[in-house]
Amino acid sequence: MITGIGIDIVQIQRMEHWLTNTKLLERFFHTDELVIVSNKEKNAAQRQAASQRLAARFAAKEAFGKALGTGLANINLKDIIVINNENGKPEVKLTGTARKAMEKSGADKVHISLSHEKENAIAMIVLEGA
């Protein structure tokens, strides 16, 4: 049974300056997520791709809070980890505060979809429970 649906959109340009701010990246993203973003990305195409990936993941974190129906109050954003499996499919791994919030909601499975086009990245989260 679906227990919650959330969607969020983020302007990719918003993430471009984050690439130069390690403290900001570490505040909102888990180290497993930051593996996809290298500070060595020098050309514009590489920076744009990194910004797209970050924006989609940040949108997923916001969408997760919306799917819970409680927002992100008392949830550490680093506890919502968006990674790709061996086939490239995005998946959500929850730890700490995010895992507790999901358990409290009655959900036990997270479905995710990410996309980006031109200036925006979007994420949709569906929570499923028994």
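As shown above, the structure is provided for reference.
From a predicted model like this one, the values you see are computed outputs, not experimental measurements.

Peer 1: In this structure, what is going on with the sheet that holds strand β4 (residues 109–117)? I would like to understand it.
Peer 2: Pairing between the strands of a sheet comes from backbone hydrogen bonds, and it takes one of two forms, parallel or antiparallel. Taken in spatial order, the three strands make up an open sheet running β1-β5-β4, and their pairing is antiparallel. Two strands in the sheet have a free side with no partner beyond their single neighbour: β1 (2–11) and β4. Adjacent strand axes in the sheet meet at a mean angle of 10° when their direction is disregarded. Of the pairings in the sheet, the one linking β1 to strand β5 (residues 120–128) comprises nine bridges and is antiparallel in character. Its bridge partner lying in β5, Gln11 is registered against Asn120. In the packing of helix α4 (residues 44–68) onto the sheet, the strands contacted are β1, β4 and β5, and the crossing angle to β1 comes to about 145°.

Peer 1: How should I be thinking about the pairing of β4 in this particular structure?
Peer 2: A regular strand carries its side chains on alternate faces of the sheet. Bridge analysis of β4 against β5 gives nine bridges, and the strand direction is antiparallel. Paired with Ser115 across the bridge in β5 is Ile122. Where β4 folds back onto β5 in an antiparallel hairpin, the turn is made up of two residues, including Lys118, whose phi is positive at roughly 50°.

Peer 1: Just to check I follow, could you spell out a nonpolar patch on the surface for this structure?
Peer 2: A contiguous nonpolar patch, built from Ile2, Ile5, Ile7, Ile9, Ile122 and Met124 and spanning about 540 Å² of accessible area, is present on the exposed surface. If you list the elements that add at least two residues to the nonpolar patch, you get β1 and β5. Ranked by the residues each element gives to the nonpolar patch, the list is headed by β1, at four residues. With respect to the helices, strands and loops of the structure, Ile7 is situated in strand β1.

Peer 1: What is the right way to look at the nonpolar core in this model?
Peer 2: Residues Phe64, Ile80, Ile125 and Leu127 are the most contacted members of the largest nonpolar core, which totals 39 residues. When contributions to this core are tallied by element, the ones reaching two or more residues are α1 (12–16), α2 (22–28), α4, β2 (80–84), β3 (90–94), α5 (96–105), β4 and β5. The element that contributes the greatest number of residues to this core is α4, accounting for 11 residues.

Peer 1: Explain α4 here, please?
Peer 2: Note: α-helices contain 3.6 residues per turn, so residues at a spacing of three or four share the same orientation. Compared with the 36 Å implied by 1.5 Å per residue over 25 residues, the 36 Å span of α4 between its first and last C-alpha is a close match. Backbone geometry just downstream of α4 places Gly69 in the positive-phi region, at approximately 85°.

Peer 1: Can you help me understand the pairing of β2 in this one?
Peer 2: The pairing of β2 with β3 spans five bridges and is classified as antiparallel. Looking at the pairing, Ile80 lines up with Leu94 of β3. Hairpin connection from β2 to β3: five residues lie between these consecutive antiparallel strands, with Gly88 at a positive phi of about 95°.

Peer 1: Where do I start with the packing of aromatic side chains in this structure?
Peer 2: What describes a pair of aromatic rings is the distance from one ring centre to the other and the angle between the planes of the rings. The tally for this structure, following the rule as stated, stands at five aromatic pairs. Ring centres 5.2 Å apart and planes at 25° place the aromatic pair Trp18 and Phe28 in the stacked group. With a gap of 10 residues between them, Trp18 in the loop between α1 and α2 and Phe28 in helix α2 connect regions that are remote in the sequence. Residues Trp18 and Phe28 agree in their burial class; the two are buried. Considering the side-chain rings of Trp18 and Phe29, the 6.1 Å spacing of their centres and the 70° angle between planes classify their relative orientation as edge-to-face. Here Trp18, found in the loop between α1 and α2, pairs with Phe29, found in the loop between α2 and α3 (31–34); they are 11 residues apart in sequence, far enough to count as distant. Judged by its relative accessible area of 6%, Trp18 falls in the buried class.

The rules behind each value
Residues numbered from 1 in each chain as written. Predicted model: local features only at pLDDT ≥ 70, side-chain atom pairs only at ≥ 80, totals over all residues. Heavy atoms only, no water. Pairing = 2+ DSSP bridges. Helix = DSSP H or I, 4+ residues; strand = E, 2+ residues; numbered from the N terminus. Axes fitted to C-alpha atoms, helices over the stretch in contact; angles between N-to-C directions. Contact = heavy atoms within 4.5 Å. Patch = residues over 30% accessible without salt bridge, like charges linked within 9 Å, V, L, I, M, F, W, Y side chains within 5 Å. Areas by Shrake-Rupley, 256 points an atom, 1.4 Å probe, with all protein chains shown as cover. Salt bridge = Lys/Arg side-chain N within 4 Å of Asp/Glu carboxyl O. Core = buried A, V, L, I, M, F, W, Y, C linked by side-chain atoms within 4.5 Å. Buried < 20%, exposed > 50% of the residue type's maximum accessible area, 1.4 Å probe, protein only. Expected span 1.5 Å × (residues − 1). Phe/Tyr/Trp six-rings, centres within 6.5 Å; stacked < 30°, edge-to-face > 60°.

In short, the description is geometric, and any link to function would need to be established separately.
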